[in-house]
Amino acid sequence: MIDSPSVSYTGLSPVLFVLGAALVGVLVEAFVPRAYRWGVQLGVALAGTLGALISVILIAGRNELTLSRAVAVDGPALFIEGTLALLGVLSLLLLAERSPDMGGSAFVAQAAVPVGTVRDRQLATLTYSQTEVFPLATFALAGMMIFAASNNLLVMFVALEVLSLPLYLMAGLGRRRRLLSQEAALKYFLLGAFTSAFFLYGLALLYGYAGTVDLRGIFDQAAGSEKSDALFVIGLAFLVVGLLFKAGVAPFHAWTPDVYQGAPTSVTAFMASCTKVAAFGAIIRVLYVGFGNNDWTWRPVLYGVAIVTLVVGSVLALTQTDVKRMLAYSSIAHAGFILTGTIANSPAGLSSTLFYLLTYGLTTVGAFAVVMLVRDADGEAGHLSQWAGLAKRSPLVAAVFSLFLLALAGIPLTSGFTGKFVVFRAGLEAGAAPLVVIALVASAIAAFFYLRVIVLMYFSEPAADGPTVAVPGLLTTISLAIATAATVLLGVAPGAVLDLADRAALFVG
Amino acid sequence: MTEGALLAAEAVSTGEAVTFWIVGPVALAGALGMVFSRNAIHSALWLVLTMLGLGVFYFVQQAPFLGVVQIIVYTGAIMILFLFVLMLVGRESSDSVVETLRGQRQAAIVAGVAFAALVGAGIGRAVYDAPVVGLEEATADGGNVVAIARILFTDYLFAFELTSALLITAAVGAMVLAHVEKEPSERRTQKDLSTARYASSRPGTLTGPGVLATSNSLDTPAILADGQPAADSAATGIEMRELPPVPDHDTTPTKGTPR
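What you see is a predicted model; the values in this text were computed from it and never measured.

Asks: Please provide a residue-by-residue account of the sheet that holds strand 5 (residues 468-469) of chain A, values included.
Replies: Residues and elements named next belong to chain A. Overall, antiparallel pairing links the three strands, which are arranged 4-3-5 in an open sheet. The sheet terminates laterally at strand 4 (379-380) and strand 5, the two strands that pair on one side only. In terms of strand pairing, strand 3 (residues 374-376) meets strand 4 through two bridges, oriented antiparallel. Note that in strand 4 the partner of aspartate 376 across the bridge is glycine 379. Where helix 14 (residues 347-373) meets the sheet, its contacts fall on strand 3, strand 4 and strand 5, and the angle it forms with strand 3 comes to roughly 25 degrees.

Next comes the structure, spelled out in structure tokens:
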């Protein structure tokens, strides 16, 4: 007779809401006629994510380990789950956008039809699209939540796969430029599978060292152990490779620009915001809970990695001529800024990372939503030269995009400034002054290319055959409005959320 | 602790050592063969050999469940599925030999070998002469299989259940990427096809390729009575062979040609 482990359904409720929505979504796909699918799927997915958001608010402050210590319900986990649910809602609204002015749905009608065939051209004229993206997105969201909340490396690995597989699929479902989209999906899949193997190998070596995959168990085993450290260090190194890949940190960033550019922009918004939040949630949990007492093993490495990331992200972004690629390199640079806070290995490091993730995620969703609006006959107008003089065509869209760019650059009175301020302070307190100086230089370089786009939009003559700015559909408008409001609010009055992040900065276990 | 367990904890038994030194090189050869084979089918078969070797290792290490799973699931199911797929997509090796980055291959080989040496040396140092621990506890109560069942439904219950999400995603993904949904109107029933055939000018079956021709190959069109190739006998999807010019039949054939 075995005793079944106790399950805290209350503590798990955010995850259960999203997973439930995903499962219902698969059934909807099978049983609801095509005419109603889009609406029903959107309703189910929004119900799941909003349910998760509300339950996070209701159970805030819980501290427990459930399911035989596999899943943590604590401050950081709930903060990340709440952030993911909020960003998930915003991304789902973008994924569901199909207003005719914005070119209809961004997803292909039937992904299995080969590109360029007669049937493919026929389907391109129809309005319906592959509604499987909704269950896939909610599966990915559930995997992300568990990824950041797992107290056990094996659960973390399964969650990593649960979040990755749907993303690989979604990246390949673009309606326009289908070959680019499929190439992005294939690249992401191959590299992702490769680094998953690294993660798994590191997990196995750590199990060999500690005899357990429980993070606290590894912490205890490593404390005052006489054993050889080789397995411990190699295992940690492999584990970190897998985690840094998902976070898009250099030198594991090579997939980011291609995948961000090739995937449909709404999927890019989802990947850029939610995946980064989940990956950093997992990184801080692994490093702080499992390896917090052995930070000599990972701090110097992450210190170097942060410098490389900052330099690669901000310098290569200078040379980009495509908006999505520029935002991709900017997301790499932002991973470097987040690492500046993370390496502090202190409560301040934790709370600043949590806060930065929230601000970065909201701004990024907004920025990609604007990219969806600027279109020409072929779809989105990605090339920067086409953005020249955009302010004269559409002052409002140009103003909103400028706000997001200023926030990404970290100009005061935007959320990005507050975020950068707290991570740099945490880094300074932990004695990482040289890194903070490099990060400051990197933000100055980054500010240059953000401002260049703003100058281009405001002070250039519009191109003769330039793109049109689509009137955003209702869903995109809601998403953009929330992202804009949050970017301003978190810049002007960040106190309440900073307090929340401070109070959340305590791991259980 | 029994004597046998004490022995297992301190040294490797002779039988285990002998098995290791026989199966080890075989498994290693399989791995190398897999990497260096030009033919994808051969690669897959080499990999089967390696996996069988690993299965034997698991048995020897007193993990019978893992050994059986390795052989049945990996070697039996997954690799055979792999072979099916290789056969379906064609087995010709179409490796691109063009290097897009100059010297990339050499650099990759050097870096790969150096990385493998570093990791191998590190792990070898760490586990050489390391004590064997945990085997007693793991197989204490009812043996290996019972122990795995127990931890699967207690400590790793969540990981086990979460795997179902992974499987559902994989199934949905396979459907999305491979299944073409047909409109009800575009599916022609047998009745529709039959009606269309009788309404056409030629209700009978078409001539197959190769009929009355010099060859019965699928790429040879049928020959009509006047010696011309029949256009409607062409098989779809392949390029038809050019027929040699029709021989001149004016001359009277010689009678009684000796065989």
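Asks: Report on the layout of surface pockets, specifying residues and quantitative values.
Replies: All names here are of chain A. Within this model, the second largest pocket holds a volume of roughly 670 Å³. Around the second largest pocket sit 26 residues that line it, and Val56, Ile57, Leu78, Phe79 and Leu500 are the ones nearest its centre. With six residues, the top contributor of residues to the lining of the second largest pocket is helix 3 (residues 75-95). Taken together, the residues of the lining of the second largest pocket sort by class into 18 nonpolar, five polar and three charged.

Asks: Any chance you could break down a nonpolar patch on the surface for me, citing the residues and the numbers?
Replies: Residues and elements named next belong to chain B. On the surface, a cluster of nonpolar side chains totalling about 760 Å² of accessible area is made up of Val26, Leu28, Leu32, Met34, Val35, Phe36, Trp46 and Leu49. Broken down by secondary-structure element, the contributors of at least two residues to the nonpolar patch are helix 2 (14-36) and helix 3 (40-60). Among the elements that make up the nonpolar patch, the one with the highest residue count is helix 2 (six residues). Looking at where tryptophan 46 falls in the secondary structure, it is placed in helix 3.

Asks: Account for the packing of aromatic side chains, naming residues and giving values.
Replies: Under the counting rule described, the total for this entry stands at 24 aromatic pairs over all chains. Here A:Phe238 and B:Phe115 contribute two aromatic rings whose centre-to-centre distance is 5.9 Å and whose plane-to-plane angle is 45 degrees, an arrangement assigned as tilted. Of this pair, A:Phe238 sits in helix 9 (residues 230-247) while B:Phe115 sits in helix 5 (residues 104-127), placing the two residues on different chains. B:Phe115 gets classed as partly exposed once you look at its relative accessible area, which sits at 38%. Between B:Phe153 and B:Phe160, the ring centres sit 5.4 Å apart and the planes meet at 70 degrees, which makes this aromatic pair edge-to-face. For B:Phe153, a relative accessible area of 40% translates into the label partly exposed. According to the relative accessible area criterion, B:Phe160 is partly exposed, its value standing at 40%. In this structure an aromatic cluster arises from ring pairing among A:Tyr168, A:Tyr188, A:Phe189, A:Phe245, A:Trp255, A:Tyr260 and A:Phe368. A cation sits over an aromatic face here: A:Lys420 above A:Phe337, 4.4 Å from the ring centre.

Rules and cut-offs
Residues numbered from 1 in each chain as written. Chains lettered and ligands numbered in written order. Predicted model: local features only at pLDDT ≥ 70, side-chain atom pairs only at ≥ 80, totals over all residues. Heavy atoms only, no water. Pairing = 2+ DSSP bridges. Helix = DSSP H or I, 4+ residues; strand = E, 2+ residues; numbered from the N terminus. Contact = heavy atoms within 4.5 Å. Axes fitted to C-alpha atoms, helices over the stretch in contact; angles between N-to-C directions. 1 Å grid on protein atoms, 1.4 Å probe; cavity = no way out; pocket = protein on both sides within 12 Å on 5 of 7 lines; lining within 4 Å. Points joined across faces, edges and corners; volume = space filled by probe spheres on them. Nonpolar A, V, L, I, M, F, W, Y, C, P; charged D, E, K, R; others polar. Patch = residues over 30% accessible without salt bridge, like charges linked within 9 Å, V, L, I, M, F, W, Y side chains within 5 Å. Areas by Shrake-Rupley, 256 points an atom, 1.4 Å probe, with all protein chains shown as cover. Salt bridge = Lys/Arg side-chain N within 4 Å of Asp/Glu carboxyl O. Phe/Tyr/Trp six-rings, centres within 6.5 Å; stacked < 30°, edge-to-face > 60°. Buried < 20%, exposed > 50% of the residue type's maximum accessible area, 1.4 Å probe, protein only. Lys NZ or Arg CZ within 6 Å of the ring centre and 35° of its normal.

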